[in-house]
Amino acid sequence: MKKLPRAVLLLPVLVVASLSLAMGPCSGHPGGGLPFFRFEAPLPGQLSQVGPLGFELRLPPHPKQANLVIELDGQPLDPSSFERGRRQVSGPLPPLGPGAHELRASIELRPVPFLPARVLHAAAAFELVQLENPEECEILSRADCLLPYPSSRFQAPAETPTGWRLAFPVAGMPLQFGRPISPDMLGQLDGFSPLVQVLMNFPGGVDLERSGAAQLLSDRRTHDDRSLDRNSPTVLVDLETGERVLHFVELDARLTDPARRLFFLRPAQSLRPGHRYAVAVRNLVAPDGSPVPAEPVFAALRDGRPSDIPAVEARREHFEHLFRDLWRKARVPRGDLVLAFDFVVQSDEGLTHQMLAMREQAFDWLAQQVALGNTADLFTVNPDATRENDCSEPDTLFWRTVEGTYRVPLFLTADPVATPRADSFLAVDADGHPVPNGETNPPFTIAVPCAVLQGGPPASPLVIGHGLFGSGRSTIRGFLDDEVADGVLDLGFDRFDYIPGATDWRGLSTPDREGPPGPDGRPGPLVQSWIVTQVLTQLGNFSQLPDRLRQGQLNTLVLARMMKQGLFNVHPAFRTPEDAGVFPGPQEPAYYFGASLGGVMGLMFAALSPDVERLNVDVPAMNFAFLLQRATPFLQFQDLLVLTGIGDATEVAIGVGLIGELWVRGESAGYATHITRDPLPGTNAKRILMTEAWLDQQVSNLGTEIAARTLRLPNLKPGSLVSDLVDVPDRAGPLPSALVVYDTGSFDLANPAHEPFVPPLANLQAIPNRCDPHGLRGLIPASLLQLIAFLQPDGEIENFCNGDCDAAEPIELPFGADAPCNPLP
């Protein structure tokens, strides 16, 4: 048989190919082109960094090709810039800016002479993004290197209880005096704060109302449980338990530019130490009513699009796990997301082990001193500061006031009492365990009531916690005020059965905010103080503030133990004329009362002290990272921060978040899950009376709610002004622990003239006013009756208001007045 020509044998193949070409592009191939005519770079959907970029186009295997046209964003590329091979065309692309771009190519083929020419098409849509320092920064947001915050991007593997350590890049740190704050201090932490403030940015802005987000409600001045709904646009979920966490969101009221404006997510209760959490955001609506889009990097990770950016590819596997976890634990589909990220919370050990070690060493030292018969050497009384009253005189509640100093093991590198303006960090060994560095001699002030001379029930020790930048001495002297005595007597009490004693919360006490004494002996100004010169203007050394606060906490723990055990009784100043010790001894209960900072630090004291069971924390809260921008006392420090170069609202919020990671170990937020339940080793569960001042200008009511919710307190009702708080159930008294909200009557929400003094529902301060409920609430007669009824061996929390504590009558008003304080001139 005669052999056919090769062209004839290939004819069926060419016909089939021609018919295929006539049918158009293959729908299943990336880019919508045929397998043999496609862009191989950039790949369809590819995300690339702004910068030099080229293209590669694969050509069809056909000898007759003509009229190749390549367009970029609708404009033809110059053919002279191409490099053309037998099967490929390549070349550089002109400089392009961020955003979506598209390459299109067409080529004419003549498969066989008797068929018309066919035109093939190929396309590749791609996107460019401008990422700053992607090798070190988070890549999900273009607004700031550290956004979104907190992110697992800044966790490095380590041999810690969580398996991680925080690792922030210098490039992402806020600038102070033009230099980045050192991140070294944060590297010792094995996770983020259990009350971390979550920061995000959506460049086009967000309309919270249209988005249906969980926000603060003006009619209730709090939030509802919208954040727990299955369709909530924001989700905060514990990835270990699947539990959704109550929260609310708000926009940074200090900045309106959406390109930089922060979107805050505020946890409404403490997160679980050591657990991994995820934030998921979806279905947000922009101010113009359009959907809020995902930023380019997150969209590429979510949609599985290719990228040639190494920092993006390095995160891809992690995000695949995160998307899977969000679906399994919270039923959040990846396709709905506009942003998601995860982080690990500091472990219990990381938060508490240093403070517990300090306490145990100090208590062991104290027990050893007593066993050696050195009790008299534990303290020194200042005879010049001892005052005595005649208890036979009418309206006299206190017999003697004693001041002095006492010895406590020092765990700082410098003694804040001897050298108050020196740097003082925690002294630790190579493993981070606190080690004693000699002793410190903090001051004490103790007021001995006339009750110790009158017989009857023994007077109980009452540890007092002072307010912000106050002192133990000034607070105890406040108990001696005639108005206080008159108030107690007016309530029908003819005696005061408590022995109040106090020291200083070093770190945030009077000496910490005073400059060096001048020639007249008076303290120098705030700008020369330790808190300004060593902390505020040197935020890279911020860890010394929580370190000093922990030493101050230790001083209070030792004072409480000395009062509880009656160790002061060895000195004549603490003995009656009959030579009986004024302190009843360890068989009798001891109590605690602290207001403002004394409430914040009092909750930390509650978690650590085994010597008290009942505590009244007045106008308290937790988590300074949340409180600062809402607190009027922060106004003066805010202005000083601006002078150091930290004035941009975004940098301030990020900076506050960063210092909050350290601060949490020196305040109640690091210990709050161990107060009313699951007590720390060597400690007992506590009963807490938490009293809140409605419309408090200094301590946000929201911060008090967060503390109450974390402690799982009920809300006393009737009694408390408010009701229906989420996860703070209303309960009728008597109760072993409770939140009680008092209205002082100072500010009327319905009076427009009072509006400047009412705390905004935003991260802003009110205009300070002399009628601030913060300092007035504790002077309400019904509250004093409640306090005394609670601080008893079998005391419970009862309501002494006429119905709710709404300032409707004198017993519900400060000082028992006939009318509330008038805030207007």
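An account of the accompanying structure is given in this report. Because the structure is predicted, anything quoted here is derived from the model rather than measured. (Residues numbered from 1 in each chain as written. Predicted model: local features only at pLDDT ≥ 70, side-chain atom pairs only at ≥ 80, totals over all residues. Heavy atoms only, no water.)

Things to note about the overall build of the protein chain
Convention followed: Secondary structure elements follow DSSP: runs of H or I of four or more residues count as helices, runs of E of two or more count as strands, with numbering from the N terminus. The contact criterion used throughout is that any non-hydrogen atoms of two residues lie within 4.5 Å.
A count of helices and strands for the protein chain gives 16 helices and 33 strands. Oriented by its inertia axes, the alpha-carbon framework of the protein chain measures out at about 140 × 55 × 55 Å. Of the contacts formed within the protein chain by residues at least 6 apart in sequence, a portion of 73% connects residues at least 24 apart.

Some words on the sheet that holds strand β7 (residues 88-92)
Test applied: Only strands that DSSP links by at least two bridges are regarded as paired with each other.
Taken in spatial order, the four strands line up as β1-β3-β7-β6 in an open sheet, and their pairing is antiparallel. The open sheet is flanked by β1 (38-41) and β6 (83-84), the only strands paired with a single partner. Sheet analysis places strand β3 (residues 54-58) next to β7, joined by five bridges and oriented antiparallel. In the sheet register, Arg58 faces β7, and the bridge partner there is Gln88.

Things to note about the state of the cysteines
To keep it simple, the criterion reads: Any pair of cysteine sulfurs within 2.5 Å is marked as a disulfide. Only protein chains enter the accessibility calculation, which uses a 1.4 Å probe. A residue is then buried if its area is under 20% of the maximum for its type, exposed if over 50%, and partly exposed in between.
Applying the stated criterion to the full structure yields four disulfides. Covalently, Cys771 is tied to Cys821 through a disulfide, its sulfur atoms 1.9 Å apart. Taking the sign of the torsion about the S-S bond as the criterion, the disulfide between Cys771 and Cys821, at about -65 degrees, is left-handed. Of the two residues, Cys771 sits in the loop between β33 (738-742) and α15 (773-776) while Cys821 sits in the segment after α16 (781-790), which places them 50 residues apart along the sequence. The class of Cys771 is buried, set by a relative accessible area of 0%. Take Cys821: its relative accessible area is 26%, and that puts it in the partly exposed class. Paired by a disulfide, Cys801 and Cys805 hold their sulfur atoms 2.0 Å apart. Its torsion about the S-S bond being 105 degrees, the disulfide of Cys801 and Cys805 is classed as right-handed. Like Cys801, the residue Cys805 is buried in the burial classification. Regarding the disulfides, the protein chain carries the connectivity 1-2, 3-4, 5-8, 6-7 under sequence-order numbering of its bonded cysteines.

Section: the packing of helix α9 (residues 544-564) against helix α10 (residues 597-608)
Formally: To get an axis, a line is fitted to the C-alpha atoms, and for a helix only the part in contact is used. The angle between two axes follows their N-to-C directions and goes from 0 to 180 degrees. Should an angle fall under 35 degrees it is taken as roughly parallel, and over 145 as roughly antiparallel, whereas 65 to 115 is taken as roughly perpendicular and any remaining angle as oblique. Two helices cross in a left-handed way if the nearer one is turned anticlockwise from the farther one by less than a right angle. They cross in a right-handed way if the turn is clockwise. Under the grouping applied here, Gly and all other residues not named as nonpolar or charged are polar, the nonpolar ones being Ala, Val, Leu, Ile, Met, Phe, Trp, Tyr, Cys and Pro and the charged ones Asp, Glu, Lys and Arg.
Running from N to C, α9 and α10 point in directions that differ by 60 degrees, and their axes come no closer than 11 Å. Judged by the inter-axis angle, α9 sits oblique to α10. Regarding α9 and α10, the two cross each other, and that crossing is right-handed. Judged by residue contacts, Leu549, Arg550, Gln553, Thr556, Leu557 and Ala560 of α9 engage Met601, Met604, Phe605 and Leu608 from α10. Class assignment for the residues of the contact of α9 with α10 results in seven nonpolar, two polar and one charged.

Some thoughts on empty space enclosed by the protein
Keep this limit in mind: The pocket and cavity definitions rest on a 1 Å grid over protein atoms only: a 1.4 Å probe that fits but cannot leave marks a cavity, an open set with protein on both sides within 12 Å along at least five of seven lines marks a pocket, and residues lining either have an atom within 4 Å of a point. Grid points are joined across faces, edges and corners, and a volume is the space filled by probe spheres set on the points.
For the structure on display, the rule yields eight cavities of 30 Å³ or more. Approximately 490 Å³ is the volume attributed to the largest cavity. Of all the elements in the fold, those that place two or more residues in the lining of the largest cavity are α8 (530-536), α10, α11 (624-627), α12 (635-643) and α13 (649-663). It is α13 that contributes the most residues to the lining of the largest cavity, six residues altogether. Here the lining of the largest cavity is composed, by residue class, of 25 nonpolar, four polar and one charged. Roughly 130 Å³ of internal volume is contained in the second largest cavity. Taken together, Arg221, Arg630, Trp694, Leu695, Asp696, Ser700, Asn701, Leu702, Pro759, Pro760 and Leu761 form the lining of the second largest cavity.

A few points about α13
Using the following cut-off: Expected span of a helix, by definition, is 1.5 Å for each gap between consecutive residues, and there is one gap fewer than residues. Pairing of N or O atoms within 3.5 Å defines a polar contact, subject to two protein rules: one partner must be a possible hydrogen donor and the other a possible acceptor, and residues neighboring in sequence count only if both atoms are side-chain atoms.
With 15 residues, α13 should reach 21 Å at 1.5 Å per residue; the first-to-last C-alpha distance of 20 Å fits that figure. Counting buried residues in α13 gives 15 out of 15 residues, a clear majority hidden from the surface. Its side-chain oxygen at 3.1 Å from the backbone nitrogen of Thr650, Asp648 defines the N-terminal cap of α13.

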